[in-house]
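Single-letter residue listing:
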Amino acid sequence: MWNAGTGSSTGVSYYLGADYSDRIGCTRQQHGGNLAGTYKVRSHKWISGSCG
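Heads up: these notes are all about the structure in this document. Everything numeric in this text was worked out from a predicted model, so none of it was measured. (Residues numbered from 1 in each chain as written. Predicted model: local features only at pLDDT ≥ 70, side-chain atom pairs only at ≥ 80, totals over all residues. Heavy atoms only, no water.)

**Overview of the overall build of the chain**
Helix and strand content of the chain: zero helices and five strands. Element order for the chain, N to C, with α for helix and β for strand: β-β-β-β-β. Projected onto its principal axes, the C-alpha coordinates of the chain cover approximately 30 × 20 × 15 Å. A total of 52 residues make up the chain; the buried ones form 29% of that total. Taking the intrachain contacts of the chain between residues at least 6 apart in sequence as the baseline, contacts between residues at least 24 apart amount to 63%. Roughly 3,600 Å² of accessible area belongs to the chain as shown, and the carbon and sulfur atoms make up 48% of that amount. (Helix = DSSP H or I, 4+ residues; strand = E, 2+ residues; numbered from the N terminus. Buried < 20%, exposed > 50% of the residue type's maximum accessible area, 1.4 Å probe, protein only. Contact = heavy atoms within 4.5 Å. Areas by Shrake-Rupley, 256 points an atom, 1.4 Å probe, with all protein chains shown as cover.)

Below, the structure written as structure tokens:
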């Protein structure tokens, strides 16, 4: 997973459930990494603050 964002949001959070339920992580802008396990991300959203 790679966050190539450059806007005003500081990160993107990702969730196991639809409609932003069961958050499993967050990645700051211009950072990335691998998800551990066999996660299937069902939703994501740009955020500010909690992981940036």
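**Here's the deal with a nonpolar patch on the surface**
Residues Met 1, Leu 35, Tyr 39 and Val 41 make up a contiguous nonpolar surface patch of roughly 330 Å² in combined accessible area. Mapped onto the secondary structure, Val 41 falls in the loop between strand 4 (31–32) and strand 5 (43–47). (Patch = residues over 30% accessible without salt bridge, like charges linked within 9 Å, V, L, I, M, F, W, Y side chains within 5 Å. Salt bridge = Lys/Arg side-chain N within 4 Å of Asp/Glu carboxyl O.)

**Observations regarding the state of the cysteines**
Scanning all chains against the criterion turns up one disulfide. Here Cys 26 pairs with Cys 51 through a disulfide, and the sulfurs are 1.8 Å apart. One quick way to see it: the torsion about the S-S bond of Cys 26 and Cys 51 is about -50°, and its sign makes the bridge left-handed. One end of the pair, Cys 26, is in strand 3 (residues 21–28); the other, Cys 51, is in the segment after strand 5, with 25 residues separating them in the sequence. (Disulfide = S-S within 2.5 Å.)

**So, the environment of Ile 47**
Secondary-structure assignment places Ile 47 in strand 5. By relative accessible area, which is 12% here, Ile 47 ends up buried. Separated by 22 residues in sequence, Ile 47 and Gly 25 have C-alpha atoms that sit 12 Å apart. For Ile 47, the residues in contact, after removing those within four places along its chain, are Ser 9, Thr 10, Gly 11, Val 12, Ser 13, Arg 23 and Cys 26.

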